[in-house]
Amino acid sequence: MTPRTNPNPNPNPIPTPGPIPDPARPEAPAKASNHEPAPERAGATDPALLLDDVTLTYPDGEGRLTALDAVSLGVDAGTVTACVGPSGSGKSSLLAVAATLVTPDAGRVVVAGTDTAGLGPAQKARLRRDSIGIVFQQPNLLPALTAAEQLQVMAHLAGRKPREARERALELLAAVGLADQAGRRPHQLSGGQRQRINIARALMNEPVVLLVDEPTSALDHERGAAVLDLLLTLTRERGTATVLVTHDRAHLERMDAVVTMADGRLSAAHAVVS
Ligand SMILES: Nc1ncnc2c1ncn2[C@@H]1O[C@H](COP(=O)(O)OP(=O)(O)OP(=O)(O)O)[C@@H](O)[C@H]1O
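All residue numbers here refer to positions counted from 1 along the written sequence of the relevant chain. A pLDDT threshold of at least 70 governs which residues receive local features in this predicted model, and a stricter bar of 80 or more applies before side-chain atom pairs are shown or counted, although totals over entire chains, interfaces and linings include all residues.

Student: I would appreciate a short explanation of the overall build of the chain in the present structure.
Tutor: Secondary structure elements follow DSSP: runs of H or I of four or more residues count as helices, runs of E of two or more count as strands, with numbering from the N terminus. A count of helices and strands for the chain gives six helices and eleven strands. With C-beta atoms placed from the backbone, the exposure class of a residue follows from how many other C-beta atoms lie within 10 Å of its own: 20 or more, buried; 12 or fewer, exposed; in between, partly exposed. Of all 274 residues assigned to the chain, the portion counted as buried reaches 43%. Contacts are defined on C-beta atoms placed from the backbone: any two residues whose C-beta positions lie within 7 Å are in contact. Pairs at least 24 apart in sequence give 72% of the contacts found in the chain among residues at least 6 apart.

Structure below.
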């Protein structure tokens with residue numbers, strides 16, 4: 001393994017030690033909607049993704065099951081934090097909260113400087129579209145569309161011009177090593193190639209935060225390693241704050257930090273020495 005120099009001067013995505021004080025800040029312009037109040041902006045020095053003392057419970061019979069128990073985590077731009085832990089420990093719940101797909105019972109989720117507390121559904125949807133890329137375990141590509149079109153759809157949803165969308169799709173396909181596969185449909189591609197398209201698709205709208213759930217679970221060791229390589233490279237090149245949920249402990253030493261979930265609690269994160 002080649003030693004790596006981290007371009008970020010403060011790369012350690014550490015669990016934040018406690019509540020973050022509200023920085024004095026000017027009112028931010030509404031990012032998306034005229035009908036909902038302007039989102040709160042966090043301090044300029046906050047990490048690109050911040051979970052601050054987040055608790056999430058689900059209904060469980062007569063009571064509630066605590067899936068996330070006062071979890072705090074900060075992830076800086078241009079770094080990858082791997083999240084590991086046993087089944088049922090809360091990893092997917094952490095991703096779902098970070099993706100604003102699930103609202104926590106308590107705590108703050110700040111994405112790209114926007115405090116998501118109090119955002120309406122439409123504002124959250126826009127925040128996801130504009131600032132969050134999600135890579136699910138299964139690529140779920142649309143069978144009728146070519147590789148390039150899978151990506152172009154995302155840009156179309158964001159209101160980009162078709163030509164610009166096409167150019168960006170081809171650029172991203174090249175970035176994930178699939179320049180020559182742009183016209184192929186999912187059934188003509190390998191599992192590894194489909195997962196690369198899945199990753200490229202998540203980057204179409206230049207997200208600040210990239211959330212990746214078990215991207216290598218359906219791949220053999222070699223292809224899995226290649227996908228992780230790609231994620232690391234893209235994270236550095238594009239400056240995303242990437243969270244990677246994985247069971248695969250084989251490549252953890254290459255991540256900027258590793259956090260471990262256990263019974264809904266985030267145990268020590270440690271920066272990985274490269
Ligand atoms: N929608 C839900 N309703 C009720 N309980 C849930 C729900 N989703 C998850 N849970 C529970 O919350 C806890 C955390 O689940 P979560 O899916 O976050 O774990 P995980 O670490 O991602 O597991 P795995 O590695 O198996 O995917 C588990 O006890 C799970 O049963």
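Student: Sorry, what's going on with the environment of Ala155 here?
Tutor: Considering the arrangement of structural elements, one finds Ala155 in helix 3 (residues 147-157). Judged by C-beta crowding, with 20 C-beta atoms within 10 Å, Ala155 ranks as buried. Counting along the chain gives eleven residues from Ala155 to Arg166, while the straight-line C-alpha distance between them is 8.7 Å.

Student: Teacher, can you tell me more about the pairing of strand 2 (residues 49-60) here?
Tutor: Within a regular strand, side chains alternate between the sheet's two faces. Only when DSSP finds a minimum of two bridges between them are two strands counted as paired. Summarising the sheet, strand 2 and strand 3 (residues 63-75) pair through nine bridges and their orientation is antiparallel. Directly across from Tyr58, in strand 3, lies its bridge partner Leu65. What sits between the antiparallel neighbours strand 2 and strand 3 is a turn of two residues, in which Gly61 has the positive phi angle 60°. One ladder, built from five bridges, connects strand 2 with strand 5 (residues 106-111); its direction is antiparallel. Bridged to Leu50 within strand 5 is Val110.

Student: Help me understand the environment of Ala67, please; the structure alone is not making it clear to me.
Tutor: Following the sequence through the fold, Ala67 ends up in strand 3. Looking at Ala67, the number of C-beta atoms within 10 Å reads 26, which means it is buried. Each residue touching Ala67, except ones within four places of it in the same chain, is listed here: Leu56, Thr57, Tyr58, Gly90, Ser93 and Gly264.

Student: What is the right way to read unusual backbone geometry from this model?
Tutor: Most of the time, phi is negative for any residue but glycine, and the peptide bond is trans. At Ala112, a residue that is not glycine, the phi angle is positive and equals roughly 50°. Inspection of the secondary structure puts Ala112 in the loop between strand 5 and strand 6 (114-115). A tally of 20 C-beta atoms within 10 Å means that Ala112 is categorised as buried. In this structure, Asp263 takes a positive phi of about 50° despite not being glycine. Tracing the sequence through the fold places Asp263 in the loop between strand 10 (257-262) and strand 11 (265-271).

Student: Before we go on, may I ask you to explain the packing of helix 3 against helix 5 (residues 191-202) in this structure?
Tutor: In a packed pair of helices, the relevant descriptors are the angle between the two axes and the axis-to-axis distance. Here the axes come from fitting lines to C-alpha atoms, over the contacting stretch only for helices, and the angles between their N-to-C directions go from 0 to 180 degrees. Viewed as axis vectors pointing N to C, helix 3 and helix 5 meet at an angle of 25°, and their least axial separation amounts to 9 Å. If you check the angle between helix 3 and helix 5, you find them roughly parallel. Our pair here, helix 3 against helix 5, has a crossing hand that is right-handed. Residues Ala147, Gln150, Leu151 and Met154 of helix 3 lie in contact with helix 5, whose contacting residues are Ile197, Ala200 and Arg201. By the definition adopted for this analysis, an angle is roughly parallel if under 35 degrees, roughly antiparallel if over 145, roughly perpendicular if from 65 to 115, and oblique otherwise. In this scheme the handedness of a crossing depends on how the near helix is turned from the far one: anticlockwise by less than a right angle means left-handed, clockwise means right-handed.

Student: In this structure, what is going on with the site of the ligand? I would like to understand it.
Tutor: Working rule for contacts: place C-beta from the backbone, and if it is within 6 Å of a molecule or strand, that residue counts as near it. Taken together, Tyr58, Leu65, Ala67, Gly85, Ser87, Gly88, Ser89, Gly90, Lys91, Ser92, Ser93 and Met261 make up the full set of residues adjacent to the ligand. If you list the elements that add at least two residues to the shell around the ligand, you get strand 3 and helix 1 (91-98). Its residues assigned to classes, the shell around the ligand comprises four nonpolar, seven polar and one charged. Each residue receives one of three labels: charged for Asp, Glu, Lys and Arg, nonpolar for Ala, Val, Leu, Ile, Met, Phe, Trp, Tyr, Cys and Pro, and polar for the others, Gly being one of them.

Student: Is there a simple way to explain helix 1 in this structure?
Tutor: Residues spaced three or four apart along an α-helix point in a common direction, a consequence of the helix completing one turn every 3.6 residues. Counting buried positions along helix 1 yields seven of eight residues, so the element is predominantly enclosed. Taken together, the buried positions of helix 1 are Lys91, Ser93, Leu94, Leu95, Ala96, Val97 and Ala98. After helix 1 finishes, the residue Thr100 shows a positive phi value of roughly 65°.

Student: Could you clarify how one ought to interpret the confidence of the model for the chain in this entry?
Tutor: Do not read the predicted coordinates in detail wherever pLDDT is low. For the chain, the average pLDDT comes to 83, and 81% of its residues sit at 70 or higher. This complex was scored by the predictor with a pTM of 0.81 and an ipTM of 0.97. As a per-residue measure, pLDDT tells how confident the predictor is, with possible values from 0 to 100.

Student: Sorry if this is basic, but what is going on with the packing of helix 5 against helix 6 (residues 221-238) here?
Tutor: Contact geometry for helix 5 and helix 6: axes closest at 10 Å, N-to-C directions at 20°. The angle between helix 5 and helix 6 falls in the class roughly parallel. Of the two possible hands of crossing, helix 5 and helix 6 adopt the one that is right-handed. The residues of helix 6 that touch helix 5, namely those facing Gly191, Gly192, Gln195, Arg196 and Ile199, are Arg223, Ala226, Val227, Leu230, Leu231 and Leu234.

Student: Sorry, what's going on with the environment of Glu62 here?
Tutor: Assignment of secondary structure puts Glu62 in the loop between strand 2 and strand 3. For the pair Glu62 and Ala257, spaced 195 residues apart in sequence, the C-alpha separation works out to 38 Å.

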